[in-house]
Amino acid sequence: MFDIFQMAFMQKALVIAIFISIVTPLIGNTIVLKRLSSIGDALSHAGLAGVAIGLCFSWSPVVSAIVFSVISALIIEYIRRGFPNYSEMATAIVLSFGVGVAAVFSGFIKNAASFNSFLFGSIVAVSTFELVVVVVLSIAVIIILVLLYRELFYIAFDEESAALSGVPVKSINLIFTILTSIVVSIAARTVGALVISSLMVIPVACSMLISKSYKQNVIFSVIFAFIFTIAGLLITAVYDLKPGGTIVLIGIAFLIVLLLLRKRREANEGSFPGKRGESQ
């Protein structure tokens, strides 16, 4: 089974998967804590619009997806500042805009298979250029997130307190939104634009069930994302399935198991109130 990883296209997909499994939960932790899970959907659809435009004009679909997603991220921040009490409206507007642009330009794409490969991912379509783009941008995103770790931690829990503490909240939010758009775009080829937002959220959700601190949550979410992604790629290669859907379904299966285990543990603890009281 593991002989499949000796093939060139699987080696490229594996390298991309490793980097994607690191950057997506790093972004996802802040997204979940800020209750902005919908922003991943908005930017993924914006990236899909960029893919459609790139394929229509024979540009690199990954590069055009990054450019269009970054522009959409700037639009989101602009609208959020204009309507501070209705920030969720910005993501809905950009999502609708991305869907509209993708729908219009997809009708002019001669090779529909190339566009479909970005919907749910394709491990055989990864080019060397795309591999280089993903690796370089992933490293850049990781470095920036590490440098802004403390600021993002404060903003994720309480933006008002962070601002009072001297954290440049607006600037950090803008940088974070742009980083999110980049991650969504570079993951589209392997994981798929329609499911990348799930890969940002599900590993974080699994991690929240077992972690006891923010730092643990970040570490465990990366581990979960790595397991889901590698297992999904392996199953995809063996059974010829769509990688994005396979990865997400594996993650959901893990999440359900962890939820059941936690409920069982809570039920067992509730059955022994005396012991539970003594331990406290």
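Look up: the structure comes first, before these words.
Everything numeric here is computed off the predicted structure, so don't read it as measured data.

## Examining the overall build of the chain
Okay, step 1: The helix and strand tally for the chain stands at 13 helices and 0 strands.
Okay, step 2: Reading the secondary structure of the chain in the N-to-C direction produces α-α-α-α-α-α-α-α-α-α-α-α-α.
Okay, step 3: The principal-axis extents of the C-alpha atoms in the chain amount to approximately 70 × 55 × 30 Å.
Okay, step 4: When each of the 280 residues of the chain is scored for burial, the buried share is 48%.

## Looking at the packing of aromatic side chains
Okay, step 1: Applying the stated criterion to the full structure yields 11 aromatic pairs.
Okay, step 2: On the basis of an interplanar angle of 55° and a centroid distance of 5.7 Å, the ring pair of tyrosine 149 and tyrosine 214 is categorised as tilted. Of the two residues, tyrosine 149 sits in helix α7 (residues 149-157) while tyrosine 214 sits in helix α11 (residues 214-239), which places them 65 residues apart along the sequence.
Okay, step 3: Tyrosine 149 gets classed as partly exposed once you look at its relative accessible area, which sits at 36%.
Okay, step 4: Each ring, one from phenylalanine 153 and one from phenylalanine 157, has its centre 5.1 Å from the other, and the planes form 65°; the classification is edge-to-face. Here phenylalanine 157 and phenylalanine 153 lie together in helix α7, a separation of 4 residues that amounts to about one turn.

## What to know about helix α4 (residues 88-106)
Since the α-helix advances by 3.6 residues per turn, residues separated by three or four positions end up pointing in the same direction.
Okay, step 1: In this model, α4 (19 residues) spans 27 Å end to end at C-alpha, consistent with the 27 Å of a helix rising 1.5 Å per residue.
Okay, step 2: Where α4 is buried, its residues touch α2 (37-56) and α3 (61-82).

## Quick look at a nonpolar patch on the surface
Okay, step 1: There is a patch of nonpolar side chains on the surface, built from Ile18, Ile219, Ile223, Phe226, Ile227 and Phe254 and spanning about 470 Å² of accessible area.
Okay, step 2: For the nonpolar patch, the leading source of residues is α11, giving 4 residues.
Okay, step 3: Note that isoleucine 219 resides in helix α11.
Okay, step 4: Judged by its relative accessible area of 43%, isoleucine 219 is partly exposed.

## Here we look at the pattern of salt bridges
Okay, step 1: Applying the stated criterion across every chain yields a total of 3 salt bridges.
Okay, step 2: Salt-bridge contacts for glutamate 159 lead to lysine 34; the nearest nitrogen and oxygen are separated by 3.2 Å. Residue glutamate 159 is found in helix α8 (residues 159-164), and its partner lysine 34 is found in the loop between α1 (8-33) and α2; the two are separated by 125 residues along the sequence.
Okay, step 3: Taking relative accessible area as the criterion, glutamate 159 reaches 29% and is therefore assigned partly exposed.
Okay, step 4: With relative accessibility at 15%, the residue lysine 34 sits in the buried group.
Okay, step 5: Of the charged contacts in the structure, one is a salt bridge between glutamate 266 and arginine 262, with a shortest N-O distance of 3.8 Å. With glutamate 266 and arginine 262 both in helix α12 (residues 243-270) and 4 residues apart, the pair spans about one turn of that helix.

## Structural notes on the environment of phenylalanine 226
Okay, step 1: Along the polypeptide, phenylalanine 226 turns up in helix α11.
Okay, step 2: According to the relative accessible area criterion, phenylalanine 226 is partly exposed, its value standing at 37%.
Okay, step 3: For the pair phenylalanine 226 and valine 238, spaced 12 residues apart in sequence, the C-alpha separation works out to 18 Å.
Okay, step 4: Residues in contact with phenylalanine 226, not counting those within four places in the same chain, are Ile18 and Ser21.

## Describing the nonpolar core
Okay, step 1: Among the nonpolar cores identified, the biggest contains 69 residues, and Ile20 and Ile27 are the most heavily contacted of them.
Okay, step 2: Element by element, the count of residues in this core is highest for α2, at 9 residues.
Okay, step 3: Look past the residues within four positions of isoleucine 27 in its chain and what remains in contact with it is Leu145, Phe176, Leu179, Thr180, Val183 and Met200.

## Description of the packing of α2 against α3
Okay, step 1: The contact between α2 and α3 brings their axes to 7 Å, and the two run at 135°. In terms of axis orientation, α2 runs oblique to α3. α2 and α3 meet at a crossing whose hand is right-handed. Between α2 and α3, the contacting residues are Ile39, Ala42, Leu43, Ala46, Gly47, Ala49, Gly50, Val51, Ile53, Gly54 and Leu55 on the first element and Pro61, Ser64, Ala65, Phe68, Ser69, Ser72, Ala73 and Ile76 on the second.
Okay, step 2: Of the residues in the contact of α2 with α3, the class split is 13 nonpolar, 6 polar and no charged.

Definitions and cut-offs
Residues numbered from 1 in each chain as written. Predicted model: local features only at pLDDT ≥ 70, side-chain atom pairs only at ≥ 80, totals over all residues. Heavy atoms only, no water. Helix = DSSP H or I, 4+ residues; strand = E, 2+ residues; numbered from the N terminus. Buried < 20%, exposed > 50% of the residue type's maximum accessible area, 1.4 Å probe, protein only. Phe/Tyr/Trp six-rings, centres within 6.5 Å; stacked < 30°, edge-to-face > 60°. Expected span 1.5 Å × (residues − 1). Contact = heavy atoms within 4.5 Å. Patch = residues over 30% accessible without salt bridge, like charges linked within 9 Å, V, L, I, M, F, W, Y side chains within 5 Å. Areas by Shrake-Rupley, 256 points an atom, 1.4 Å probe, with all protein chains shown as cover. Salt bridge = Lys/Arg side-chain N within 4 Å of Asp/Glu carboxyl O. Core = buried A, V, L, I, M, F, W, Y, C linked by side-chain atoms within 4.5 Å. Axes fitted to C-alpha atoms, helices over the stretch in contact; angles between N-to-C directions. Parallel < 35°, antiparallel > 145°, perpendicular 65-115°, else oblique. Left-handed = near helix turned anticlockwise from the far one by under 90°. Nonpolar A, V, L, I, M, F, W, Y, C, P; charged D, E, K, R; others polar.

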